[in-house]
Amino acid sequence: MLPSLRLANAHKPLIRFIGKRQWPTKPEVQHPHPFAPPELKQHFADFLKRFESSPSKSNSSTMSSSKGGATGAVYQEFWEAPSRLWKRELQDWEIELVQSGGASLH
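Fair warning: this is a prediction, and the values are worked out from it, not measured in the lab. Here the residue index of a chain counts from 1 through its sequence in written order. Reporting in this predicted model follows two pLDDT cut-offs: at least 70 for local features of residues, and 80 or more for side-chain atom pairs to be given and counted; totals over whole chains, interfaces and linings ignore these cut-offs and use all residues. Note that water and hydrogens are dropped before the side-chain values are worked out from all heavy atoms of the structure.

### Here's the deal with the overall build of the protein
Logical step 1: Helix numbers and strand numbers start at the N terminus; a helix is a DSSP run of H or I with at least 4 residues, a strand a run of E with at least 2. For the protein, the count of helices and strands is four helices and zero strands.
Logical step 2: Secondary structure elements of the protein, listed N to C terminal, follow the sequence α-α-α-α.
Logical step 3: Among the 106 residues that make up the protein, the fraction classed as buried is 7%.
Logical step 4: When the accessible surface of the protein is split by element, carbon and sulfur atoms take 59% of a total near 11,000 Å². Note on exposure labels: buried denotes an accessible area under 20% of the residue type's maximum, exposed denotes more than 50%, and partly exposed covers the range between, all computed with a 1.4 Å probe on protein chains only. Using a 1.4 Å probe, the Shrake-Rupley method yields the accessible areas, and only the shown protein chains count as cover for residues.

The following block contains the structure:
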């Protein structure tokens, strides 16, 4: 008799999905995050103009920020950067430091 009672009270999941999933056909209009600082919200249109006018992957190493911001080159590939920033062979002490979590050599 117990098995028949268990079938009568079948488990119902608490979550219910209503309808079929609908994905938008067009991307959402770009806007600043709702909790962004006010100065970023005010200049978001300027940012979009600069972002859309900037080249994608061509000569990005020669571009730099304007208006006194942090100036520096952005490199898409490692060989565009100075050789001091390239990958190099790790020394044994560096490998041990990473493998130990950094706590053993301090």
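### Concerning the confidence of the model for the protein
Interpretation of the predicted coordinates at a detailed level should be avoided for regions scoring low in pLDDT.
Logical step 1: With 75% of its residues at a pLDDT of 70 or more, the protein has an overall mean of 78.
Logical step 2: Along the chain, pLDDT gives the predictor's confidence residue by residue, from 0 to 100. Looking over the protein, one finds the lowest element-wise mean pLDDT in helix H1 (residues 2-8), namely 63, and the highest in helix H2 (residues 38-42), namely 92.
Logical step 3: Should any heavy atoms of two residues lie within 4.5 Å, those residues are counted as being in contact. A low-confidence stretch, residues 58-69 stays under pLDDT 50, and its non-local contacts, those more than four residues away or across chains, total 13 contacts.

### Some thoughts on the packing of aromatic side chains
Logical step 1: Only the six-membered ring of Trp is used, alongside the rings of Phe and Tyr, when aromatic pairs are assigned; centres must lie within 6.5 Å, and planes under 30 degrees apart are stacked while those over 60 apart are edge-to-face, with the rest tilted. Summed over the entire model, instances satisfying the criterion amount to two aromatic pairs.
Logical step 2: Between phenylalanine 44 and phenylalanine 47, the aromatic rings sit 5.9 Å apart at their centres with planes inclined by 40 degrees, giving tilted as the arrangement. Here phenylalanine 47 and phenylalanine 44 lie together in helix H3 (residues 44-53), a separation of three residues that amounts to about one turn.
Logical step 3: The buried category is assigned to phenylalanine 44, whose relative accessible area is 18%.
Logical step 4: Here the aromatic rings of phenylalanine 47 and phenylalanine 51 are separated by 5.9 Å at their centres, their planes lie at 25 degrees, and the arrangement is stacked. Taken as a pair, phenylalanine 47 and phenylalanine 51 lie in helix H3 at a separation of four residues, close to a single helical turn.
Logical step 5: For phenylalanine 47, a relative accessible area of 42% corresponds to the partly exposed category.
Logical step 6: An aromatic cluster of at least three residues, connected via ring pairs, comprises Phe44, Phe47 and Phe51.

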